[in-house]
Amino acid sequence: MRIALHSRKLETERSKFIIDSIKYILDKAELELVISDALAPYLEKIEPELSKGLKVFSNTESLRGVDFMISIGGDGTLLQALTYVQELEIPIVGVNAGRLGFLASIQRENFQTTIDALVNGYYSIEERTMLALVSDREDLFGGIKFGLNEFTILKRDTSSMIVVHTYLNGEYLNSYWADGLIVSTPSGSTGYSLSVGGPVVIPGSENFIISPVCPHNLNVRPLIVSDSSIISFEIEGRSKNFLVSLDSRSEAVDASIQLAVRKCPFKAKLVKIGGQDNFLDTLRKKLNWGLDNRN
């Protein structure tokens, strides 16, 4: 079984955990390990002997034949791991070494039992819908034009609002006078969309959420649409430069760009281990639902 491991810059607290995790995987005779090119230089610096014999992956093609991707960090690290995996749909094990962790829901103290579960086949896979960006600029986001959480349009160089003319399957929906507009998947409904007043949507609901950021018209509210929809945009404002983002990646564009989002043809596959928190458990814990001084 081939395991790929990805993490970002190693903080002092996280580095020991990652080193111990790598050693545990290498001690398993049935496992072969490769690490990401983002992790490799940090590992080489702090543990040169350990890094010597490890293979490094740098793109999607070099991940062919890998059975699982382990992401150690927070949700942002897992989103970055997806940019490596792409259409290969390699199942991702999200180990939470960060703070919040809606996606990376496996706690670090359960790492060894999680590896044992993978070896013995004691796991399930949850598929998450992603969105794809369609644009007349092929180089946008380095050609990696998909996201698990959300696509966002934001004002950039001025305090003035922008206007995002929005169309649903070619039919005019609304002109949003706002600081920006978010199109979120159910996975992203607990992220940026939630912070601007969007609803929490259960994964697997087959929806997109359209949420304005600081709208000028107070009667404009978030809207849930089918994820079979194609949502397209025209942007205008006093500034001719705007910011667009996919998950944690962002780029500046001008008003002439053509933009639309639709359901991505491939999905993110997240590994779930029996006895560990599901989405509803995570939701209650992270948002402190039901907790007050009376109970």
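Predicted model, so just to flag it, every value in this text is computed and none were measured.

Enquirer: What is the right way to read the packing of aromatic side chains from this model?
Expert: How two aromatic rings sit relative to each other is set out by the distance from centre to centre and by the angle between their planes. Per the stated rule, a full pass over the model turns up six aromatic pairs. Ring geometry for Phe17 versus Phe111: centroids 5.8 Å apart, planes at 80°, classification edge-to-face. Of this pair, Phe17 sits in helix α1 (residues 12–26) while Phe111 sits in helix α5 (residues 111–120); the two residues are 94 residues apart in sequence, bridging distant segments of the chain. Given the relative accessible area of 3%, Phe111 is considered buried. Where Phe146 meets Phe266, the ring centres are 5.2 Å apart and the plane angle is 75°; that geometry is what we call edge-to-face. Of this pair, Phe146 sits in strand β9 (residues 146–147) while Phe266 sits in the loop between β19 (259–263) and β20 (268–272), and the two are 120 residues apart along the sequence. Residue Phe146 is classed as buried on the basis of its relative accessible area, which comes to 6%. Looking at Phe266, the relative accessible area reads 14%, which means it is buried. Across the ring face of Phe17, the terminal group of Arg108 is positioned such that the distance to the ring centre comes to 5.1 Å.

Enquirer: Just to check I follow, could you spell out the sheet that holds strand β8 (residues 131–135) for this structure?
Expert: The sheet built from six strands is open, its strands ordered β9-β8-β19-β16-β11-β12 with antiparallel pairing. Single-partner strands in this sheet number two, and they are β9 and β12 (171–178). The pairing of strand β11 (residues 162–168) with β12 spans seven bridges and is classified as antiparallel. Within β12, the residue paired with His165 across the bridge is Ser175.

Rules used throughout
Residues numbered from 1 in each chain as written. Predicted model: local features only at pLDDT ≥ 70, side-chain atom pairs only at ≥ 80, totals over all residues. Heavy atoms only, no water. Phe/Tyr/Trp six-rings, centres within 6.5 Å; stacked < 30°, edge-to-face > 60°. Helix = DSSP H or I, 4+ residues; strand = E, 2+ residues; numbered from the N terminus. Buried < 20%, exposed > 50% of the residue type's maximum accessible area, 1.4 Å probe, protein only. Lys NZ or Arg CZ within 6 Å of the ring centre and 35° of its normal. Pairing = 2+ DSSP bridges.

Keep in mind these numbers describe shape, not what the thing actually does.
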